[in-house]
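Each chain is listed here by its residues.
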Amino acid sequence: MPGTNTLQSNIQKEIVELSTAIGGLVNSFKRLQNPLEESRNKVPQATDQLDKINEQTEAAAHQMLDMIEQITAREEEILEQIDQTRACLESGDNDKILSCLRIIAEKAQTNLNDSFLIMDALQFQDITSQQMNHAASLLEDIEHKLHTIIGVFDSNDGDSEDEKESNARTAKAGKVRAFDPHADLFEKKTNQNDIDSLFDNNGK
Amino acid sequence: MSQTILVVDDSPTVVKFVSFSLKNRGFNVLTACDGMDAIEKMSNTEDDIDLVITDLNMPNLDGYGLIETIRQNEKYSSMPIIILSSEQAEEDREKGKKAGATSYLIKPFKSDKLLSEVKKFL
């Protein structure tokens, strides 16, 4: 029957189209697998870096506050010694004056040393800024992967406006960002002495 | 006349901290924010530079590139160069040594350690 043949032919055509569509979907899901996998790994890395920044900033701030507290206490002791020196000047007790001056000099020197230690601790800014740049670059990677995923479902040819904008932003940020992904304020994987001996052995 | 040290780092905090420590000990300090800036400063300054302290990870031209460029200049072929970096991997140290660095300090560092390293060479 001619009607049956047409119906069969139409069903066959529909099945072929359906099969092609399913094949396309399978390919699309395969293309999604990598960006999803990479994004899934990068999110915890970025979170870890941000946690580390929080932890290390807090530790450095505490370290500096402790030192400032000690410096302030010493300043008060210095002022006390100055008062005693004034009193001794009136009484003419030279030995006591000399003792007070010695104490003042010692405390001033300790404060000077502590000021350098505060400056040492301020290096946390450089280390945490590298950690932030690392976290930012991981998030930019994730953004890029998400655009790739969107692109899979986007029927338009070429990059979407969003994707172009994201790529431009990533490229711009990548040019100015220079960081060590392993920068850490407290955890030194290598002993400085080992590095010194490596360079000493090399000759100067 | 005081000796001149060029400090190269893209972190203004590190530049300020290192400069302060060195100036406090009587050194004359020049600063640069990356390798390219350092080369420009070295070319334009009338002072003789006695030592360079450089970071590794920097935009435009990194520390390795800077050291290699400095070593190509006969005038500075034996000038001490200290790397300051948070990079701790063995390959970074080897790469730094190969590029021509004289010494390598891991960040964060104590200002005492930096000064003793500088005094080793000057």
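Values in this document were obtained by computation on a predicted structure and should not be read as measured data.

**Quick notes on the pairing of strand β4 (residues 81-85) of chain B**
Residues and elements named next belong to chain B.
In step 1: A large share of β4 lies buried, amounting to 5 of its 5 residues.
In step 2: The two faces of β4 match: Ile81, Ile83 and Ser85 on one face and Ile82 and Leu84 on the other face are all buried.
In step 3: Bridge count between strand β3 (residues 51-54) and β4: 3 bridges; the pairing is parallel. Residue pairing across strands places valine 52 opposite isoleucine 81, the latter belonging to β4.
In step 4: Handedness of the crossover joining β3 and β4 through helix α3 (residues 63-72): right-handed.
In step 5: Where β4 and strand β5 (residues 103-106) come together, 4 bridges link them in parallel fashion. Across the sheet, the residue bridging to isoleucine 83 is tyrosine 104, located in β5.
In step 6: Assessed by its sense of winding, the connection that carries the chain from β4 through helix α4 (residues 90-99) to β5 is right-handed.

**Structural notes on helix α1 (residues 12-24) of chain B**
Residue and element names in this part refer to chain B.
In step 1: Helix length check: α1 (13 residues) gives 18 Å between terminal C-alpha atoms against 18 Å at 1.5 Å per residue, within 8%.
In step 2: When α1 is considered as a whole, its buried residues turn out to be Val14, Val15, Phe17, Val18, Ser19, Ser21 and Leu22.
In step 3: Just downstream of α1 lies glycine 26, where phi reads positive at about 90°.

**With respect to the packing of helix α2 (residues 94-121) of chain A against α1(B)**
In step 1: Here α2(A) crosses α1(B) at 155°, and the two axes come no closer than 10 Å. Compared by their axis directions, α2(A) and α1(B) come out roughly antiparallel. Note that α2(A) runs across α1(B); the crossing there is left-handed. Touching A:Phe116, A:Met119 and A:Asp120 of α2(A) are B:Phe17, B:Phe20, B:Ser21 and B:Asn24, all from α1(B).
In step 2: Split by residue class, the contact of α2(A) with α1(B) holds 4 nonpolar, 2 polar and 1 charged.

Reading the values: the criteria
Residues numbered from 1 in each chain as written. Chains lettered and ligands numbered in written order. Predicted model: local features only at pLDDT ≥ 70, side-chain atom pairs only at ≥ 80, totals over all residues. Heavy atoms only, no water. Buried < 20%, exposed > 50% of the residue type's maximum accessible area, 1.4 Å probe, protein only. Helix = DSSP H or I, 4+ residues; strand = E, 2+ residues; numbered from the N terminus. Pairing = 2+ DSSP bridges. Right-handed = clockwise from strand over helix to strand, strands pointing away. Expected span 1.5 Å × (residues − 1). Axes fitted to C-alpha atoms, helices over the stretch in contact; angles between N-to-C directions. Parallel < 35°, antiparallel > 145°, perpendicular 65-115°, else oblique. Left-handed = near helix turned anticlockwise from the far one by under 90°. Contact = heavy atoms within 4.5 Å. Nonpolar A, V, L, I, M, F, W, Y, C, P; charged D, E, K, R; others polar.

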